Amino acid sequence: MVAAQVIGVGSYAPERRLDNAELSRTVETSDAWIRERTGIGERRIAAPDEAASDLATAAAKRALAVAGLQPNDIDMVMVATVTGDRPLPATAAIVQRKLGITNRCGAFDLAAACAGFVYGLGLGNALIGQGQCRHVLVIGVEVLSRFVNWEDRTTCVLFGDGAGAVVLGPGAAEAPAGIDGVHLHCQGSMSHLLTIPAGGSEKPASGASLAEREHYVRMEGQDVFRVAVKELASACLSAIDALQMTTSDVDWVVAHQANERILEAVAQRSGIPFERFFRNIARYGNTSSASIPLALDEAYRSGSLEPGSKLVLCALGAGIAWGSCVLRWQLPKPTPQPTRQRGESPSESVA
Ligand code: ACO
């Protein structure tokens with residue numbers, strides 16, 4: 001089976017920055033508390049007229065440009081998100097339209113919360129490997145700012161908005177595999193740890209549920225923290241072991257950016273040096289499905305990734321769902337990009 005490779009990558013972060021100082025004027029918190037407990041300094045907030053499909057489309061256009069492809073070269077659009085435009089239709093269908101794809105390729109959303117992008121890579125890899133698709137667009141996007149309770153300091157300080165995208169294409173037969181060692185897991189018995197209780201078919205977002213603010217994110221933070229450290233470390237090692245690699249073969253870990261302390265603990269537990277964990281959480285907070293492709297794009301545009309670099313990707317989130325894989329980077333270093341007009345490519349600096 002031919003393994004898929006990343007042949008294009010792009011991201012988009014809304015223009016508006018909400019830093020900890022501004023947030024501490026509306027909820028009882030402080031820059032010091034947020035930085036010390038999470039590593040977050042600021043997050044991006046989508047403009048009122050920006051929906052998930054807008055962020056996703058902007059990121060996808062940049063990924064297509066890197067790939068040197070036209071929209072109609074795409075055979076499948078996958079959007080990993082839990083904050084799509086509407087319950088119906090899939091945000092992927094809207095993104096297909098906004099990108100100008102008219103070839104009637106498949107388009108669907110994928111809901112595995114923070115693990116969604118890694119699930120998407122696994123699926124895209126399988127579709128390409130089986131010859132069903134040649135070019136798969138995998139997008140991770142979230143507009144979490146519309147789903148957090150801005151009066152709840154235990155959650156609102158954590159999340160941000162953003163999007164990232166990759167174009168997957170078939171790897172050359174003689175080259176080492178691109179995506180490999182994919183592991184996808186979920187433990188539904190822990191699904192109560194991180195949830196938006198209302199707004200689905202179980203409990204509509206109306207009346208009492210609105211008054212109780214049940215249409216916003218609820219989280220058992222410490223329990224999520226514990227399971228994240230344990231399973232992310234083990235998922236990294238599973239992906240590495242599957243390819244008969246050792247931790248010293250890993251050039252970068254591009255992990256879901258949920259909390260810097262989680263990353264530190266994963267590094268310690270897995271034995272992979274913390275310096276090899278790519279980090280941008282300080283500037284974006286937790287962008288759930290978007291966090292890995294956003295970090296990948298930033299790593300790429302900052303010149304941190306070389307052809308042949310071995311990356312471990314891993315993510316965990318609501319479900320509790322998690323996943324990991326190894327990605328052998330193939331793209332050459334980028335040529336300098338023109339200045340952005342609206343919004344911004346998150347490429348200006350690296351944490
Ligand atoms: N500002 C100031 N004080 C706060 C804040 C805040 N924003 N939030 C909570 N506190 C207070 C609490 O009320 C508590 O006060 P008390 O001691 O008087 O009761 C105190 O700080 C300590 O609270 P803890 O919940 O024990 O703080 P903790 O060190 O566990 O940090 C946090 C909380 C940051 C949420 C942590 O548990 C965490 O990161 N968990 C992982 C959750 C996560 O990342 N979720 C994202 C989705 S899942 C994923 O992406 C992996």
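These numbers come from a predicted model, not from an experiment.

Here we take up the site of the ligand. Near the ligand, the surroundings consist of 22 residues, among which Thr29, Arg37, Gln222, His256 and Asn259 are the closest. Arg153 has a polar backbone atom sitting 2.9 Å from a nitrogen atom of the ligand. Surface burial for the ligand is 74%, taken as the share of its 1,000 Å² of free accessible area covered by protein chains. Contributions of two or more residues to the shell around the ligand are made by α2 (31-38), α6 (153-156) and α8 (221-242). No other element matches α8, which puts four residues into the shell around the ligand. Residue composition of the shell around the ligand, grouped by class: ten nonpolar, eight polar and four charged.

Glancing now at the pairing of strand β13 (residues 321-328). In terms of burial, β13 is a largely internal element, eight of the eight residues being buried. Here β13 shows two buried faces, one formed by Ala321, Gly323, Cys325 and Leu327 and the other by Trp322, Ser324, Val326 and Arg328. Examined bridge by bridge, strand β8 (residues 179-186) and β13 share six bridges and lie antiparallel to one another. Paired with Ile179 across the bridge in β13 is Leu327. Bridge analysis of strand β12 (residues 310-317) against β13 gives eight bridges, and the strand direction is antiparallel. Note that in β13 the partner of Cys314 across the bridge is Ser324.

Turning our eyes to something else, we now look at the packing of α8 against helix α9 (residues 260-270). Relative orientation of the contacting elements α8 and α9 amounts to 45 degrees, with a least axis distance of 9 Å. The angle between α8 and α9 places the two elements in the oblique class. Helix-helix and strand crossings are classified by hand; for α8 and α9 the assignment is right-handed. Taken together, the residues of α9 that come into contact with α8 (itself represented by Phe225, Ala228, Val229, Lys230, Leu232, Ala233 and Leu237) are Arg261, Ile262, Ala265, Val266, Arg269 and Ser270. Considering only residue class, the contact of α8 with α9 consists of nine nonpolar, one polar and three charged.

This part takes up unusual backbone geometry. Leu88 connects to Pro89 through a cis peptide bond whose omega is 0 degrees. Tracing the backbone through its elements, the reader meets Pro89 in the loop between β4 (76-80) and α4 (91-99). With an omega of -10 degrees, the peptide bond between Gly319 and Ile320 qualifies as cis. With respect to the helices and strands, the residue Ile320 is situated in the loop between β12 and β13. The backbone phi angle of Arg104 is positive, close to 60 degrees, even though this residue is not glycine.

It is worth spelling out the sheet that holds β8 at this point. Strand order across the open sheet formed by four strands is β8-β13-β12-β11, with mixed pairing between neighbours. Lying at the two open borders of the sheet, with one neighbouring strand each, are β8 and β11 (252-255). The mean angle between the axes of side-by-side strands here comes to 10 degrees, regardless of whether they run parallel or antiparallel. Helix-sheet contacts for α8 involve β8, β11, β12 and β13, and the interaxial angle to β12 is about 145 degrees.

Moving on, we come to the pattern of salt bridges. Here the structure, examined in full by the defined rule, presents twelve salt bridges. The salt bridge partner of Arg16 is Glu22, with a shortest N-O separation of 2.8 Å. Between Glu298 and Arg283 there is a salt bridge, with the nearest N and O atoms lying 3.1 Å from each other. Here Arg283 lies in helix α10 (residues 281-284) and Glu298 lies in helix α11 (residues 291-301), a separation of 15 residues in the sequence.

Reading the values: rules and limits
Residues numbered from 1 in each chain as written. Predicted model: local features only at pLDDT ≥ 70, side-chain atom pairs only at ≥ 80, totals over all residues. Heavy atoms only, no water. Near = heavy atom within 4 Å. Polar contact = N/O pair within 3.5 Å; in protein donor to acceptor, adjacent residues only side chain to side chain. Areas by Shrake-Rupley, 256 points an atom, 1.4 Å probe, with all protein chains shown as cover. Helix = DSSP H or I, 4+ residues; strand = E, 2+ residues; numbered from the N terminus. Nonpolar A, V, L, I, M, F, W, Y, C, P; charged D, E, K, R; others polar. Buried < 20%, exposed > 50% of the residue type's maximum accessible area, 1.4 Å probe, protein only. Pairing = 2+ DSSP bridges. Axes fitted to C-alpha atoms, helices over the stretch in contact; angles between N-to-C directions. Parallel < 35°, antiparallel > 145°, perpendicular 65-115°, else oblique. Left-handed = near helix turned anticlockwise from the far one by under 90°. Contact = heavy atoms within 4.5 Å. Salt bridge = Lys/Arg side-chain N within 4 Å of Asp/Glu carboxyl O.

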